[in-house]
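Geometric and topological summary
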Amino acid sequence: MINAKRSWLLYATLLIVFWGVWGAFSSQPNTRYGYPNEMIYIIWAFTMLIPAYFALRGNRFDRRPVAALYGLLAGLTGAGGQLLLFQALADGPAYLIFPVVSLSPVITVLMATALLRERMARLAVGGVVAALVSIVLLSIPGGGGSSNSHGPWLLLAVLICVAWGAQAFCMRKAALVGVNDATTFGWMTISGLLLVPVALAMMGGLPTGAPWQAPALTAVTQVLNAVGALFLVMALSRGKASVVAPLTNALAPVLTIVLSLAVYQTLPTVWGSIGIVLALAGSTLMVYSDEKSGENSVAPGAEGAAADGTAQLVP
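Here Leu251 lies in helix 13 (residues 241–264). For the pair formed by Leu251 and Ser134, sequence separation is 117 residues and the distance between their alpha carbons is 9.2 Å. In this structure Leu251 touches Ile16, Ala279, Leu280 and Ser283, once residues within four positions along its chain are discounted.

Below is the structure:
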């Protein structure tokens, strides 16, 4: 039996596992077969239907306008940010874009403390700072580049950072106003599908000549991404956004690096190694502080979801 007050940690751990594995293999369709990133987005949008089906099965779909508002905001900020990322990477250097984008938990923490009045102990604050620094360090690739350090891509990177930070806030806010997890994820799925025509337009039509392995591998890896997104909704409805966002964003890349080391024999950079240490230290501080406080952060939406059966997604 899962302790309701600490159930966020279980879902955050599952999120880290799914997104960590996804991160290790997500680039393979593009690097191996030259599969367009926009096509990867389209397949991801449709894989969202799989966890959405299991989440909504036996659960009540909240038809209130407030549920649609926060669900669509969470979905459009997440999916829209993904599409903006493709454009940014086409115009600018990845080694500068990802450190900017990786600061999205800062937006979540600021919004949660200012608008949701979430309180953090000193230990938790230290953990959040360490985790945020680690996220930036983990996002720095090993190689450099000669691209300009400014340009239109920089504005896009900032917009993505804000969008993804706001997405986590909207997930938490939805749960606080009583929207169950299944409904929020359902609207997120709809949002992702709504932007499929935009991805097609960016790509200029469906690709031709791609081997069957490309879409098949994309589908397998993106299912991990989609299921992880559901666990993010569930973690944020049960835990503080100011803790869940930096914790998961710090530890998922750590698992990705560990798997990459095992599978591809790729060693982390010096910055990556420091980032791993900071991620583990910061996460330990955040979890310890949360356990010590004994505060119940479970939102009404999570309680309703558990009553309807959403929590039964995990044995």
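So, about the packing of helix 13 against helix 14 (residues 270–293). Two elements in contact, helix 13 and helix 14, have axes whose closest approach is 9 Å; the angle formed by their N-to-C orientations is 145°. The element helix 13 and its partner helix 14 pack so that their crossing is left-handed. Between helix 13, through Val243, Pro246, Leu247, Ala250, Leu251, Val254 and Ile257, and helix 14, the contact on the second element is made entirely by Ile276, Ala279, Leu280, Ser283, Met286 and Val287. Residues belonging to the contact of helix 13 with helix 14 are distributed by class as follows: twelve nonpolar, one polar and no charged.

In the structure shown here, the tally under the stated rule is three salt bridges. Salt-bridge contacts for Asp62 lead to Arg64; the nearest nitrogen and oxygen are separated by 2.8 Å. With relative accessibility at 2%, the residue Asp62 sits in the buried group. Looking at Arg64, the relative accessible area reads 34%, which means it is partly exposed.

Nonpolar side chains in soluble globular proteins generally cluster together in the buried interior. If you look at the biggest cluster of nonpolar residues, it comprises 67 residues, and the most contacted ones within it are Tyr41 and Phe185. Examining the composition of this core, we find that eleven residues originate from one element, helix 12 (residues 213–236), more than from any other. Formed by eight residues, the second largest nonpolar core is a distinct cluster that contains Ile97, Trp153, Leu156 and Ala157.

What follows covers helix 11 (residues 196–203). A turn of α-helix holds 3.6 residues, and therefore any two residues three or four places apart point the same way. Of the residues making up helix 11, those classed as buried are Val196, Ala199 and Met203. Seen along its axis, helix 11 keeps its buried residues to an arc of 60°; they face one direction. Counted as exposed and oriented over 90 degrees from the buried face of helix 11: Pro197 and Ala201. Packing partners of the buried residues in helix 11 comprise helix 3 (37–47), helix 5 (65–91) and helix 10 (181–194).

This part takes up the side chain of Gln222. Along the chain, Gln222 turns up in helix 12. A polar contact is formed between the side chain of Gln222 and the side chain of Asn225, at a distance of 3.1 Å. Beyond its immediate chain neighbours, meaning those up to four positions away, Gln222 contacts Trp22, Ile40, Trp44 and Thr47.

What counts, and where the lines are drawn
Residue numbers run consecutively from 1 along every chain, following the written order of its sequence. Only residues with pLDDT of at least 70 get local features here, since the model is predicted, and only at 80 or more are side-chain atom pairs given and counted; chain-wide, interface and lining totals rely on the full set of residues. Only hydrogens and water are set aside when side-chain values are computed; all heavy atoms of the structure are taken into account. Where helices and strands are cited, they refer to DSSP runs of H or I of at least four residues and of E of at least two residues respectively, numbered from the N terminus. The criterion used for residue contact is that any of the two residues' heavy atoms lie within 4.5 Å. Simply put, an axis is a line fit to the C-alpha atoms, just over the touching stretch for a helix, and the angle between two N-to-C directions goes from 0 to 180 degrees. In this scheme the crossing of two helices becomes right-handed for a clockwise turn of the near helix relative to the far one and left-handed for an anticlockwise turn of less than a right angle. Classification convention: Asp, Glu, Lys, Arg as charged; Ala, Val, Leu, Ile, Met, Phe, Trp, Tyr, Cys, Pro as nonpolar; all other residues, Gly among them, as polar. Basic side-chain nitrogens of Lys or Arg form a salt bridge, by our definition, when they fall within 4 Å of a carboxyl oxygen of Asp or Glu. Burial here depends on accessible area, computed with a 1.4 Å probe over protein chains only, as a share of the maximum for the residue type. Under 20% is buried, over 50% is exposed, and the range in between is partly exposed. Here the nonpolar core consists of buried residues drawn from Ala, Val, Leu, Ile, Met, Phe, Trp, Tyr and Cys, with membership extended through side-chain atoms lying within 4.5 Å. The arc in question is the one spanned by the directions pointing from the helix axis to the C-beta atoms. We define a polar contact as two N or O atoms separated by no more than 3.5 Å, with the added condition that, inside protein, one atom must be a possible hydrogen donor and the other a possible acceptor, whereas residues neighbouring each other in sequence contribute only through side-chain atom pairs.

Scope: geometric values only; no functional claims are made or implied.
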